[in-house]
Amino acid sequence: MKTVLIAGGTGYIGKNLENYLSEKGYIVKILTRTCTKENHVLWNPETQTIDATKCLDVQILINLCGEGLDKKRWTNKHKQQLIDSRIDPTTVLFELRNSFPQLE
């Protein structure tokens with residue numbers, strides 16, 4: 001079965017997707033800044049680092065990164081934070097794509 005790496009997998013949607021994919025037989029790994037489970041893979045978007053050794057078997061990457069939409073009032077500053085919390089990790093993952101030559 002294929003191995004899936006979910007960036008932003010500790011959020012509501014990510015947890016449900018992890019459960020769904022696991023039930024379908026996929027091996028699921030979660031890209032996170034704080035490893036608390038065996039299937040977690042450490043990364044730091046600010047320094048553009050990732051524990052690539054735990055990603056050698058990853059074939060599918062799903063990006064769900066982003067600050068929760070219901071956390072704060074939508075001021076102009078908060079809107080920018082929402083945008084940045086999605087674009088910045090996506091940019092980092094794109095730059096780190098060479099760490100995942102086996103991705104489909």
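Nothing here was measured: the structure is a model prediction, and the numbers come from that model.

S.K.: Lay out the pairing of strand E3 (residues 40-44) in plain terms, naming residues and giving numbers.
M.R.: Taken together, the three bridges between strand E2 (residues 27-32) and E3 define a ladder with parallel strand orientation. When the sheet's bridge partners are listed, Leu31 is paired in E3 with Val41. The pairing of E3 with strand E4 (residues 49-50) spans two bridges and is antiparallel. Among the inter-strand pairings, Asn44 is bridged to a residue of E4, identified as Thr49. Hairpin connection between E3 and E4: a loop of four residues separates the two successive antiparallel strands, and Gln48 in this loop has a positive phi of roughly 55°.

S.K.: Can you lay out helix H1 (residues 12-23) for me, pointing to particular residues and giving the numbers?
M.R.: The first and last C-alpha atoms of H1 sit 17 Å apart over twelve residues, in line with the 16 Å expected at 1.5 Å per residue. Backbone geometry just downstream of H1 places Gly25 in the positive-phi region, at approximately 100°.

Thresholds applied
Residues numbered from 1 in each chain as written. Predicted model: local features only at pLDDT ≥ 70, side-chain atom pairs only at ≥ 80, totals over all residues. Heavy atoms only, no water. Pairing = 2+ DSSP bridges. Helix = DSSP H or I, 4+ residues; strand = E, 2+ residues; numbered from the N terminus. Expected span 1.5 Å × (residues − 1).

On their own, these measurements won't tell you what the molecule is for.
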